[in-house]
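Reading the structure
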Protein chains: 2
Amino acid sequence: MSLSEFDIIERYFSRRAAARADVVLGIGDDAALLQVPADRQLAVAMDTLVAGRHFPPQTAAFDIGWKALAVNLSDLAAMGASPAWATLSLTLPEADDAWLAGFADGFFELAERYRVELVGGDTTRGPLAVTVQVHGLVEPGRALRRSGARAGQQLFVTGTPGDAACALQALQSGDTVAPALLQRLNRPEPRVDFGMALAGTGGAAAIDISDGLLADLGHILDAGQCGATLWIDRLPRSSGLASVQDEAALGCQLYGGDDYELCFSLDPGRAGQLEVLARQQQLAVTRIGVIESQPGIRCRRDDGSLYTPQGAGFDHFRVP
Amino acid sequence: MSLSEFDIIERYFSRRAAARADVVLGIGDDAALLQVPADRQLAVAMDTLVAGRHFPPQTAAFDIGWKALAVNLSDLAAMGASPAWATLSLTLPEADDAWLAGFADGFFELAERYRVELVGGDTTRGPLAVTVQVHGLVEPGRALRRSGARAGQQLFVTGTPGDAACALQALQSGDTVAPALLQRLNRPEPRVDFGMALAGTGGAAAIDISDGLLADLGHILDAGQCGATLWIDRLPRSSGLASVQDEAALGCQLYGGDDYELCFSLDPGRAGQLEVLARQQQLAVTRIGVIESQPGIRCRRDDGSLYTPQGAGFDHFRVP
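The sections below set out a description of the structure shown in this document.

1. Some details on the packing of helix H1 (residues 5-12) of chain B against helix H3 (residues 97-113) of chain B
Residues and elements named next belong to chain B. Where H1 contacts H3, the axes come no closer than 10 Å and their chain directions differ by 45 degrees. Considering the angle they form, H1 stands oblique to H3. The way H1 lies across H3 gives a crossing that is right-handed. Residues Ile8, Arg11 and Tyr12 of H1 pack against Asp97, Leu100, Ala101, Ala104 and Phe108 of H3. Taken together, the residues of the contact of H1 with H3 break down into six nonpolar, no polar and two charged.

The structure is reproduced here in structure tokens:
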């Protein structure tokens with residue numbers, strides 16, 4: 001261990017990924033100074049990844065760097081906010097050059113794509129963990145919230161939930177994992193552009209699926225004091241997941257965490273706009289149910305029969 | 001472990017410590033929404049405390065909660081920014097009710113004092129660690145930076161640096177620790193009001209002493225491309241430190257981290273204003289040296305002799 005804390009910052013984390021003019025003072029002082037436009041609200045979200053809990057210990061450093069930012073950008077996506085700045089707290093058992101280089105490459109590849117500037121943070125020694133806070137900008141009154149769901153709205157999901165959980169289960173069982181599924185686990189694509197466009201299209205309630213579709217849909221329903229029917233045969237299934245036994249695949253789709261897709265509700269009159277938007281962004285968006293006034297989630301098969309979900313969403317303090 | 005992540009947030013972290021009108025949307029959505037006034041810049045700082053590294057394992061939960069916020073508020077103090085909001089990532093080996101209640105009490109006692117609202121964060125399971133990000137507000141052009149030091153300015157420090165390191169050394173040696181010193185280690189008082197007033201008084205360069213006086217003064221001098229003479233016999237010594245053998249006390253004063261006092265430079269013409277300010281705030285502020293154009297730090301005794309410092313400031317990756 002020959003690197004000091006200052007060496008680490010200097011060598012790996014001083015890239016000006018976006019060279020944003022709204023960064024008045026970046027890394028290197030007691031605090032960063034940032035200029036929020038007068039006509040924007042600031043959206044902030046913070047997520048921590050702990051080794052062995054949020055990613056398998058063998059995960060590549062690049063993927064950890066990517067994912068630590070991606071899961072946070074996903075929160076901004078779920079608000080419809082435009083990403084601006086990030087801070088990073090990195091706790092490392094040791095300062096390993098190759099690991100740090102890989103981590104920084106993964107982090108900054110995603111940061112550059114969304115013009116996110118790293119403006120500060122902390123580097124400490126300890127068990128491997130990464131905390132990122134992202135800062136986004138959104139017009140007053142335009143942010144997507146969890147609380148906008150109303151009976152009669154349609155329920156949608158982006159992408160193909162369940163892939164990440166399927167990949168993780170296979171990894172944990174020592175099975176071969178299809179590269180496409182592994183990609184979904186290790187390099188989630190935050191739906192930033194879609195979230196921003198959805199906020200502009202009058203999206204109602206939105207959440208990102210980090211804890212599992214049923215669990216996160218439950219948060220929307222709780223916030224809106226309503227319920228939903230979910231058509232489980234219509235849940236979009238990736239080709240990777242299609243090769244998995246049906247009941248297991250359904251389990252991943254309903255309970256699997258770590259997908260970072262968006263689940264949202266929308267007034268039926270806006271379905272046309274949504275279709276245009278999805279086509280423009282080349283993103284699969286699937287109608288999976290309907291919001292109802294009766295509380296609770298009713299999972300239905302296409303033949304009309306009720307399906308009773310088993311299990312629960314991911315909870316860091318309930319899952320052993 | 002019967003508490004879920006949601007129970008923990010609901011039970012311990014939903015206090016609206018400050019009921020600030022600028023919190024558009026607080027805890028409970030994918031991101032918080034905040035309103036930064038048009039005539040203010042946003043100052044952000046993030047610090048992580050890892051158990052066994054930044055605080056002894058036996059530290060009371062109240063003190064950990066207090067300190068996690070205090071070390072961050074100290075960064076805002078060093079910028080002269082007014083605290084506004086905080087986010088908190090708490091990584092816990094288990095969800096223990098008594099521990100959580102104590103931690104939250106410590107965190108919110110300080111939050112209420114400075115009208116800081118907790119607006120979001122994350123709760124995960126893993127080795128005990130706490131990351132806090134604070135958000136402050138400062139008038140454009142008024143923030144204190146590290147880079148303002150110029151030859152001829154006088155050098156000052158608040159409070160009595162060295163106390164925290166002295167307490168830590170005693171704890172680690174199994175010695176009895178004077179309560180006043182222990183208080184300085186476990187419940188540091190961020191110099192928030194003083195930092196804000198100093199920014200208004202035309203303070204030049206400022207930094208908070210978290211890594212030790214010599215190390216942090218070094219950052220000011222590097223940023224200003226200048227040097228300093230430090231009068232080591234004039235370093236303020238608390239009554240707790242006065243009972244320690246002289247050379248050991250001096251070591252704590254020069255190299256000891258965790259003090260969260262402010263070290264700053266000021267044009268000599270502003271000494272009168274500073275005196276008034278210190279008296280108003282009932283805070284000890286001591287002139288300890290002078291900024292010079294010649295790089296490096298020259299430690300001098302009152303008899304004019306040079307003192308050669310041994311050792312280095314605290315570095316998380318260099319200190320074993």
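2. Quick notes on the interface of chain A and chain B
Note: interface size is frequently given as the accessible area lost on complex formation between the parts. If you look at the interface, chain A gives 70 residues, while chain B gives 69 residues. With both sides pooled, the region where chain A packs onto chain B buries about 5500 Å², and carbon together with sulfur makes up 56% of that total. The interface formed by chain A and chain B holds four salt bridges in total. Of the charged contacts, one joins Arg146 of chain B and Asp29 of chain A as a salt bridge, the two residues approaching to 3.8 Å between their closest N and O atoms. By residue number, the principal contributor to the side of chain A that touches chain B is strand E3 (residues 41-50) of chain A, which donates nine residues. Partitioning the side of chain A that touches chain B into residue classes produces 34 nonpolar, 19 polar and 17 charged. Two strands pair when backbone bridges link them, and strand E2 (residues 32-34) of chain A and strand E3 (residues 41-50) of chain B are joined in this way by three bridges, in the antiparallel orientation. Opposite Leu34 of chain A, over in E3 of chain B, you have Leu42 of chain B as the bridge partner.

3. Comments concerning unusual backbone geometry
The residue Arg115 of chain A is not glycine, and still its phi comes out positive at about 50 degrees. Classification of Arg115 of chain A by relative accessible area gives partly exposed; the value is 44%. Phi angles above zero are rare outside glycine, and Gln225 of chain B is one such case at about 50 degrees. By the element assignment, Gln225 of chain B lies in the loop between helix H7 (213-224) and strand E9 (227-231). What makes Gln225 of chain B exposed here is its relative accessible area of 73%.

4. Overview of the environment of Pro179 of chain B
Along the chain, the position of Pro179 of chain B falls in helix H5 (residues 179-186). A sequence separation of 113 residues divides Pro179 of chain B from Trp66 of chain B, and the C-alpha atoms of the two residues are 17 Å apart.

5. Considerations on the pattern of salt bridges
Inspection of the entire model under this criterion finds 38 salt bridges over all chains. Here Asp22 of chain A and Arg20 of chain A are joined by a salt bridge, their closest N and O atoms 2.8 Å apart. Take Asp22 of chain A and Arg20 of chain A: they sit in the same class, and that class is buried. Residues Arg234 of chain B and Asp302 of chain B are paired through a salt bridge, measuring 3.3 Å at the closest nitrogen-oxygen approach. Of the two residues, Arg234 of chain B sits in the loop between E9 and helix H8 (239-242) while Asp302 of chain B sits in the loop between strand E12 (296-300) and strand E13 (306-307), which places them 68 residues apart along the sequence. If you follow the salt bridges from partner to partner, you end up with Asp163, Arg184, Arg191, Asp259 and Glu261 of chain A in one network.

6. Quick look at the relation of the copies chain A and chain B
Superposition of chain A onto chain B requires a rotation of 180 degrees combined with a translation of 0.0 Å along the rotation axis, giving an RMSD of 0.0 Å. Such values leave the two copies arranged in the relation of a two-fold axis. By C-alpha distance to the rotation axis, the residue of chain A lying nearest is Ala38 of chain A, at 2.3 Å. Most of the interface of chain A is mirrored in chain B: 99% of its interface residues are interface residues there too.

7. Let's talk about the sheet that holds strand E6 (residues 129-138) of chain B
Reading across the sheet, the six strands line up as E1(A)-E2(A)-E3(B)-E6(B)-E4(B)-E5(B) and stay open at both edges, with mixed pairing between neighbours. Two strands in the sheet have a free side with no partner beyond their single neighbour: strand E1 (23-25) of chain A together with strand E5 (117-125) of chain B. The average undirected angle you get between the axes of adjacent strands in this sheet is 20 degrees. As defined by bridge partners, strand E4 (residues 82-92) of chain B adjoins E5 of chain B across eight bridges and the pair is classed as parallel. Considered in E5 of chain B, the bridge of Thr91 of chain B is made with Thr124 of chain B. Where H3 of chain B meets the sheet, it contacts E4, E5 and E6 of chain B, and its direction lies at approximately 165 degrees from that of E4 of chain B.

8. Describing helix H2 (residues 61-79) of chain B
Residues and elements named next belong to chain B. Compared with an ideal rise of 1.5 Å per residue, which puts 19 residues at 27 Å, H2 spans 28 Å between its outermost C-alpha atoms and is within 8% of the ideal. Counting buried residues in H2 gives 19 out of 19 residues, a clear majority hidden from the surface. At the exit of H2 stands Gly80, carrying a positive phi of roughly 75 degrees.

9. As for the side chain of Gln154 of chain A
Residues and elements named next belong to chain A. Examined against the element boundaries, Gln154 turns out to sit in strand E7 (residues 154-158). On the accessibility criterion, Gln154 (13% relative accessible area) is buried. For Gln154, the contacting residues outside a window of four places in its chain are Phe264, Ser265, Leu266, Pro268, Ala271, Arg287, Gly289 and Val290.

10. Some words on the state of the cysteines
Disulfide: a covalent bond formed between the sulfur atoms of two cysteine residues. Residue and element names in this part refer to chain A. Tallied over the full model, the rule gives zero disulfides over all chains. Counting only cysteine sulfurs, Cys263 is the nearest neighbor of Cys226, a cysteine outside any disulfide, at a range of 11 Å. Residue Cys226 is classed as buried on the basis of its relative accessible area, which comes to 6%.

Quick notes on the rules
- Residues numbered from 1 in each chain as written.
- Chains lettered and ligands numbered in written order.
- Predicted model: local features only at pLDDT ≥ 70, side-chain atom pairs only at ≥ 80, totals over all residues.
- Heavy atoms only, no water.
- Axes fitted to C-alpha atoms, helices over the stretch in contact; angles between N-to-C directions.
- Helix = DSSP H or I, 4+ residues; strand = E, 2+ residues; numbered from the N terminus.
- Parallel < 35°, antiparallel > 145°, perpendicular 65-115°, else oblique.
- Left-handed = near helix turned anticlockwise from the far one by under 90°.
- Contact = heavy atoms within 4.5 Å.
- Nonpolar A, V, L, I, M, F, W, Y, C, P; charged D, E, K, R; others polar.
- Buried area = accessible area lost by both parts, 1.4 Å probe.
- Salt bridge = Lys/Arg side-chain N within 4 Å of Asp/Glu carboxyl O.
- Pairing = 2+ DSSP bridges.
- Buried < 20%, exposed > 50% of the residue type's maximum accessible area, 1.4 Å probe, protein only.
- Least-squares fit on C-alpha atoms with pLDDT ≥ 70 in both.
- Expected span 1.5 Å × (residues − 1).
- Disulfide = S-S within 2.5 Å.

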